[in-house]
Amino acid sequence: MPRMIFSFCLCVITVSTLFLPATSRDTDFDVQPFRVNLAHEVPHMKALIQNTRLPGTTLYPAADIEFGIRLDFLRDLQMKWLNDFDWTKQEAALNKVPHFTAKIEGLTVHFVHARSKEPDRIPLLMMHGWPGSFQEFLPVIKPLTKLWKSPTGKRISFDVIVPSLPGFLFSSPPPQNWTTNDTARIFNTLMVNVLGYSTYALHGTDRGSVIGYTLYSAFNTSVRAANLKSIPFVAPTPDDIAANNITLSDIAKVTEQRTADNRATGQGYFTEQTFKPNTIGLALYDNPIGQLAWIGGNIQLWSDPRAGTPPSVLTDETLLTMVSLYYLTQTFQSSVWLYAQNPNTFSPNYLKPATDAPLVFSLFEFDIMLWPREYVERASNLVLYKGPSLTSGQEHDFGGHFAGLDNPPALIEDLHDLGVYFEP
Ligand SMILES: *[C@@H]1O[C@H](CO)[C@@H](O)[C@H](O)[C@H]1NC(C)=O
Ligand SMILES: *[C@@H]1O[C@H](CO)[C@@H](O)[C@H](O)[C@H]1NC(C)=O
Ligand SMILES: *[C@@H]1O[C@H](CO)[C@@H](O)[C@H](O)[C@H]1NC(C)=O
Ligand SMILES: *[C@@H]1O[C@H](CO)[C@@H](O)[C@H](O)[C@H]1NC(C)=O
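Small disclaimer: the values here were computed from a predicted structure and weren't measured.

K.L.:
Tell me what's going on with helix α2 (residues 42-51), and back it up with residues and numbers.
P.N.:
Restricting attention to buried positions, one finds in α2 the residues Val42, Met45 and Ile49. Looking down the long axis of α2, one finds its buried residues gathered within 65° of arc, a one-sided arrangement. Turned more than 90 degrees from where α2 packs its buried face, Pro43, Gln50 and Asn51 sit exposed. Tucked inside the fold, the buried residues of α2 contact α3 (71-83), α4 (87-94), α12 (288-302) and α13 (316-328).

K.L.:
Quick one: what's the story with the packing of aromatic side chains, residue by residue and with numbers?
P.N.:
Per the counting criterion, the structure on display carries 17 aromatic pairs. Centroid distance Tyr269 to Tyr339: 5.7 Å. Interplanar angle 80°. Geometry classified as edge-to-face. Note that Tyr269 is positioned in helix α10 (residues 268-275) and Tyr339 in helix α14 (residues 332-341), a separation of 70 residues in sequence. Neither residue differs from the other here; Tyr269 and Tyr339 are each classed as buried. Considering the side-chain rings of Trp302 and Phe402, the 6.1 Å spacing of their centres and the 10° angle between planes classify their relative orientation as stacked. Taken as a pair, Trp302 in helix α12 and Phe402 in the loop between β11 (382-386) and α16 (403-406) lie far apart in primary sequence, 100 residues in all.

K.L.:
I'd love a proper account of the nonpolar core, names of residues and values included.
P.N.:
Core analysis: the largest hydrophobic core is formed by 114 residues, its most contacted members being Met126, Trp130 and Ile231. Residue contributions to this core peak at 8 residues, all from α13.

K.L.:
Give me the environment of Phe29: which residues, what numbers.
P.N.:
Relative to the assigned elements, Phe29 resides in the loop between α1 (2-19) and β1 (32-34). For the pair Phe29 and Met191, spaced 162 residues apart in sequence, the C-alpha to C-alpha distance is 12 Å. In this view, Phe29 contacts Ala102, Lys103, Ile104, Thr189, Asn193 and Val194; residues no more than four positions away in its chain are not counted.

K.L.:
Explain the site of ligand 4 residue by residue, including any values.
P.N.:
Neighbouring ligand 4 are the residues Asn220, Ala354, Thr355 and Asp356. Asn220 has a polar side-chain atom sitting 2.4 Å from an oxygen atom of ligand 4. Separating an oxygen atom of ligand 4 from a backbone N or O atom of Ala354 is a distance of 3.4 Å. When the free accessible area of ligand 4 is taken as 360 Å², the share hidden by the protein chains comes to 36%.

K.L.:
So, a positive patch on the surface: which residues are in play, and what are the values?
P.N.:
Together, Lys96, Lys117, Lys142 and Lys146 give the surface a local cluster of positive charge. Its place among the elements puts Lys117 in the loop between β3 (107-114) and β4 (122-127).

K.L.:
An account of the side chain of Glu136 is requested, with residue identities and associated values reported.
P.N.:
You can see Glu136 is positioned in the loop between β4 and α5 (138-145). In this structure Glu136 touches His128, Gly129, Thr205, His401, Phe402, Gly404 and Leu405, once residues within four positions along its chain are discounted.

K.L.:
For the sheet that holds strand β9 (residues 223-228), give the residues involved together with the corresponding values.
P.N.:
Pairing within the open sheet is mixed, and its 9 strands lie in the order β1-β2-β3-β7-β4-β8-β9-β10-β11. Taken across any chain shown, the strands that pair with only one partner, and hence form the sheet edges, are β1 and β11. On average, each strand axis in the sheet is inclined to that of its neighbour by 25°, with strand direction left out of account. Strand direction decides the pairing type here: β4 and strand β8 (residues 200-204), joined by 4 bridges, are parallel. Within β8, the residue paired with Leu124 across the bridge is Ala201.

K.L.:
Could you give an account of the pairing of β3, with specific residues and numbers?
P.N.:
By the criterion of burial, β3 is predominantly enclosed, with 7 of the 8 residues buried. With 6 bridges connecting them, strand β2 (residues 99-104) and β3 associate as antiparallel partners. If you follow His99 over to β3, its bridge partner there is Val112. Hairpin connection of β2 to β3: 2 residues between the antiparallel strands, including Glu105 at a positive phi of 50°. Of the strand pairs in this sheet, β3 and strand β7 (residues 158-163) are connected by 4 bridges, and their pairing is antiparallel. Counterpart to Phe111 in the pairing with β7 is Pro163.

K.L.:
Which residues make up the confidence of the model for the protein, and what are the values?
P.N.:
The pLDDT averaged across the protein works out to 92; a share of 92% of its residues lies at or above 70. Low pLDDT (under 50) marks residues 1-20, which in the prediction has 8 contacts with non-local residues, meaning those over four places away or in another chain.

K.L.:
Lay out the packing of α3 against α12 in plain terms, naming residues and giving numbers.
P.N.:
Contact geometry of α3 with α12 gives a least axis separation of 11 Å together with a crossing angle of 120°. One finds that α3 runs oblique with respect to α12. Seen along the crossing, α3 lies across α12 with a hand that is right-handed. Contacts between α3 and α12 pair Phe73, Leu74, Leu77, Gln78 and Trp81 from the former with Pro288, Ile289, Leu292, Ala293, Gly296 and Gln300 from the latter. Looking at the contact of α3 with α12 residue by residue, the classes come out as 8 nonpolar, 3 polar and no charged.

K.L.:
Residues and numbers for the packing of α12 against α13, please.
P.N.:
For any two helices packed against each other, the geometry is given by the interaxial angle and the distance between the axes. As a packed pair, α12 and α13 sit with axes 10 Å apart at the nearest point and diverge in direction by 130°. Accordingly, the angle class assigned to the pair α12 and α13 is oblique. Of the two possible hands of crossing, α12 and α13 adopt the one that is right-handed. Residues Pro288, Gln291, Leu292, Ile295, Gly296 and Ile299 of α12 touch α13, and the partners they reach there are Leu319, Leu320, Met322, Val323, Tyr326 and Tyr327. Classifying every residue of the contact of α12 with α13 by side-chain character gives 10 nonpolar, 2 polar and no charged.

K.L.:
Which residues make up unusual backbone geometry, and what are the values?
P.N.:
For the peptide bond that leads from Trp130 to Pro131, omega is 0°, which places it in the cis range. Assignment of secondary structure puts Pro131 in the loop between β4 and α5. For the peptide bond that leads from Pro310 to Pro311, omega is 5°, which places it in the cis range. Inspection of the secondary structure assignment puts Pro311 in the loop between α12 and α13.

Rules used throughout
Residues numbered from 1 in each chain as written. Chains lettered and ligands numbered in written order. Predicted model: local features only at pLDDT ≥ 70, side-chain atom pairs only at ≥ 80, totals over all residues. Heavy atoms only, no water. Buried < 20%, exposed > 50% of the residue type's maximum accessible area, 1.4 Å probe, protein only. Helix = DSSP H or I, 4+ residues; strand = E, 2+ residues; numbered from the N terminus. Arc of directions from axis to C-beta. Contact = heavy atoms within 4.5 Å. Phe/Tyr/Trp six-rings, centres within 6.5 Å; stacked < 30°, edge-to-face > 60°. Core = buried A, V, L, I, M, F, W, Y, C linked by side-chain atoms within 4.5 Å. Near = heavy atom within 4 Å. Polar contact = N/O pair within 3.5 Å; in protein donor to acceptor, adjacent residues only side chain to side chain. Areas by Shrake-Rupley, 256 points an atom, 1.4 Å probe, with all protein chains shown as cover. Patch = residues over 30% accessible without salt bridge, like charges linked within 9 Å, V, L, I, M, F, W, Y side chains within 5 Å. Salt bridge = Lys/Arg side-chain N within 4 Å of Asp/Glu carboxyl O. Lys, Arg positive; Asp, Glu negative; His and termini not counted. Charge placed at Lys NZ, Arg CZ, Asp CG, Glu CD. Pairing = 2+ DSSP bridges. Axes fitted to C-alpha atoms, helices over the stretch in contact; angles between N-to-C directions. pLDDT = per-residue confidence, 0-100. Parallel < 35°, antiparallel > 145°, perpendicular 65-115°, else oblique. Left-handed = near helix turned anticlockwise from the far one by under 90°. Nonpolar A, V, L, I, M, F, W, Y, C, P; charged D, E, K, R; others polar.

Dropping the structure here:
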């Protein structure tokens, strides 16, 4: 019996160290455990999905996805959402990682905090953008907490912290004048003051890269390594690339073409969200099929075209979870305000940031913006360029904008590489 009591106590200790954040340095941050619990919203969503009429026939069958989501794709997803989509199962998967909330500068900030058991683990802040969420990193969180040994024997594992951007899902909407610089500041507070990590590494994708770049440049004592998929500088045109005598690999040429297409026909959503966030935000507020068309159309356009078939692992079910999270939390409107609040994100003037921290850049073939190595070098301490390349042999020849969902092994590989460069 005493043995049983002992093991029971041990079990309690293990559970509490795993599921509570490192330390709560300041009780004012009011750190609370959190669980995703949206089941009560699902019947209303399903009723709306069922009652939404779509046209019986495609208006212009030759119009492909550069004109927006195709009716056959949308109708197929509507049927899957209605008949095959099991929210309870999705919610259980989302709750397999430990969630918390904290109060920072008056905002509720939701975050995942999954801890490694290794003594020399690296704190890793991972930041999503629009239309992403913490869900975008679910396939990589647990693997990153596990030990990986580099070819030179360095032991790499991570404590993974994934906050929801203000106005997204379970983080409260910020004041109207809030910018990504403000988000960078409160995320640094989360890492340093709430969780007690004095130095950390980061990963950013989409607008999360913009926040990540601000942290990398302006918080140079705490951010000691960064992995970004975008940089907040205007991506070069094919003419710029040619004028700089940059030779692209065949894979990078695919990304270059997609970048040009995106520039030519992919900016409609961007303009709407920058200038009329309330119009689109309210038009689609209680309209799951509308949000599916708006968000799902972009997910399709920005991802590996093989979505859901090998090698891509981004399934329709995952896409429907992405949209459901926006709909069920009623944060579609506040999420699109991110664009209105940050109208001038991409600067034409490449500058070196004031940091000596290393940067690993990741580019996936089917992403929609291409920054060749020569451009990333101008704006960072680039130590490793992972992606389409003539020379490195480290090509990400599948996956796109949501790499955590369509090519998770490559994202894990890049973050392991980042860990090798991290020095606390
Ligand atoms: C932003 O708005 C808040 C009120 O919502 C105000 O307290 C704050 O001073 C404003 N900040 C700036 C920089 O204007
Ligand atoms: C954000 O901070 C950077 C410095 O890190 C500054 O150059 C930039 O103007 C700021 N942007 C806004 C919108 O305040
Ligand atoms: C590109 O190559 C051409 C021909 O060799 C040369 O005249 C030009 O200066 C080069 N441009 C740059 C930006 O290096
Ligand atoms: C960090 O930033 C500060 C302020 O911009 C600057 O004075 C300092 O040189 C930077 N440190 C490094 C290592 O670049």
